[in-house]
Amino acid sequence: MFDPTIYENVKIVMEGAVYDMDLGGLIQVTAREDLVDLASLSRTFRIAFRTKPDAGGYTAWMELSSSLSNMAAEILEQPEAQAGCSIMISFTAALSKGANPQTACEKAERAIRAVWGEQYRIEQQITHSYSQGQEEVRHTVRLLFGRTFTEAVIDDLPELAAHTDKTLGILG
């Protein structure tokens, strides 16, 4: 028998927190990815959900990842290295035709700061896709925590999911 890693323990609780909200009717899970990259020996778990599944607007992604160095530090019990995993929250939406990307970015910044505070880094990206004469403008907002997480955050994961849902509600 093996001992689960920090990544596996955090993943189970994160996934459970999101599915509890889904079962409670607060959100609808729209995608789930459990990826292993054999080239870099890294792992990533992503789960997406929406507050209003039939309406337009933003989709939230909660992402958990662990690199080879994170896992090696844990398995080899290297106290000087960073055992654990990374968490990133992102929000994506197709902007409506004629929407001002600058306004969308400013609104997203205010929404995230209102829920999460000032301590985290926010990255925003506007992309344009052109196909068959149709232009789609996509807005992606990433909330970066800038630290490695361990099992010490397990009790906070339901609150992390609730904050993500609250942000979705403000973004629209």
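Scope of this entry: the structure provided in the associated data block.

## As for the sheet that holds strand 4 (residues 86–95)
- Strand order across the open sheet formed by 6 strands is 1-2-3-4-6-5, with antiparallel pairing between neighbours. Taken across any chain shown, the strands that pair with only one partner, and hence form the sheet edges, are strand 1 (28–37) and strand 5 (121–131). Taken pair by pair, the neighbouring strands of this sheet meet at an average axis angle of 20°, ignoring direction.
- Packed on one face of the sheet, helix 4 (residues 157–171) meets strand 2 (42–50), strand 3 (59–66) and strand 4 and runs near 20° to strand 4.

## Digging into the pattern of salt bridges
- Across all of its chains, the model carries 9 salt bridges by this definition.
- Among the salt bridges present, the one from E15 reaches R32, with a minimum N-O distance of 2.6 Å. Of this pair, E15 sits in helix 1 (residues 6–23) while R32 sits in strand 1, and the two are 17 residues apart along the sequence.
- Across the pair R113 and E109 runs a salt bridge whose closest N-O atoms are separated by 3.4 Å. Of the two residues, R113 and E109 are both situated in helix 3 (residues 101–116); the distance of 4 residues between them amounts to about one turn of the helix.
- Residue R113 is classed as buried on the basis of its relative accessible area of 19%.
- Of the residues examined, E109 reaches a relative accessible area of 31% and is grouped as partly exposed.

## So, the packing of aromatic side chains
- Across all of its chains, the model carries 3 aromatic pairs by this definition.
- Taken together, a centroid distance of 4.8 Å and an interplanar angle of 75° make the contact between Y120 and F145 edge-to-face. Here the residue Y120 occupies a position in the loop between helix 3 and strand 5, and F145 occupies one in the loop between strand 6 (134–144) and helix 4, the gap between them amounting to 25 residues.
- The partly exposed category is assigned to Y120, whose relative accessible area is 23%.
- A relative accessible area of 11% places F145 in the buried class.
- Ring centres 5.7 Å apart and planes at 85° place the aromatic pair F145 and F149 in the edge-to-face group.
- Pairwise contacts between aromatic rings join W116, Y120, F145 and F149 into one cluster.
- Here the basic side chain of R46 rests over the ring of W61, its NZ or CZ set 3.8 Å away from the ring centre.

## So, the layout of surface pockets
- Of the pockets and cavities examined, the largest pocket occupies roughly 250 Å³.
- Considering the residues around the largest pocket, the lining is formed by 13 residues, among which W116, Y120, F145, D156 and L160 are closest to the centre.
- In terms of residue count, helix 4 provides more of the lining of the largest pocket than any other element does, 4 residues in total.
- Split by residue class, the lining of the largest pocket holds 8 nonpolar, 2 polar and 3 charged.
- What the second largest pocket holds in volume is close to 160 Å³.
- Together, L95, S96, K97, G98, A99, Q134, E135, E136 and V137 line the second largest pocket.
- Among the elements that take part in the lining of the second largest pocket, strand 6 stands out by supplying 4 residues, more than any other.
- Partitioned by chemical class, the residues of the lining of the second largest pocket number 3 nonpolar, 3 polar and 3 charged.

## Let's talk about unusual backbone geometry
- Phi at L41 is positive, roughly 55°, even though this residue is not glycine.
- Examined against the element boundaries, L41 turns out to sit in the loop between strand 1 and strand 2.
- The class for L41 is partly exposed, based on a relative accessible area of 43%.

## Here we look at helix 3
- With 16 residues, helix 3 extends 22 Å between its outermost C-alpha atoms, agreeing within 8% with the 22 Å of an ideal straight helix rising 1.5 Å per residue.
- What helix 3 keeps buried is the set A104, C105, A108, A111, I112, R113, V115 and W116.
- The elements touched by buried residues of helix 3 are strand 4, strand 5, strand 6 and helix 4.
- A distance of 2.8 Å separates the backbone nitrogen of Q102 from a side-chain oxygen at the start of helix 3, and that oxygen is part of N100.
- Positive phi shows up at G117, right after helix 3, with a value of about 90°.

Reading the values: rules and limits
Residues numbered from 1 in each chain as written. Predicted model: local features only at pLDDT ≥ 70, side-chain atom pairs only at ≥ 80, totals over all residues. Heavy atoms only, no water. Pairing = 2+ DSSP bridges. Helix = DSSP H or I, 4+ residues; strand = E, 2+ residues; numbered from the N terminus. Axes fitted to C-alpha atoms, helices over the stretch in contact; angles between N-to-C directions. Contact = heavy atoms within 4.5 Å. Salt bridge = Lys/Arg side-chain N within 4 Å of Asp/Glu carboxyl O. Buried < 20%, exposed > 50% of the residue type's maximum accessible area, 1.4 Å probe, protein only. Phe/Tyr/Trp six-rings, centres within 6.5 Å; stacked < 30°, edge-to-face > 60°. Lys NZ or Arg CZ within 6 Å of the ring centre and 35° of its normal. 1 Å grid on protein atoms, 1.4 Å probe; cavity = no way out; pocket = protein on both sides within 12 Å on 5 of 7 lines; lining within 4 Å. Points joined across faces, edges and corners; volume = space filled by probe spheres on them. Nonpolar A, V, L, I, M, F, W, Y, C, P; charged D, E, K, R; others polar. Expected span 1.5 Å × (residues − 1). Polar contact = N/O pair within 3.5 Å; in protein donor to acceptor, adjacent residues only side chain to side chain.

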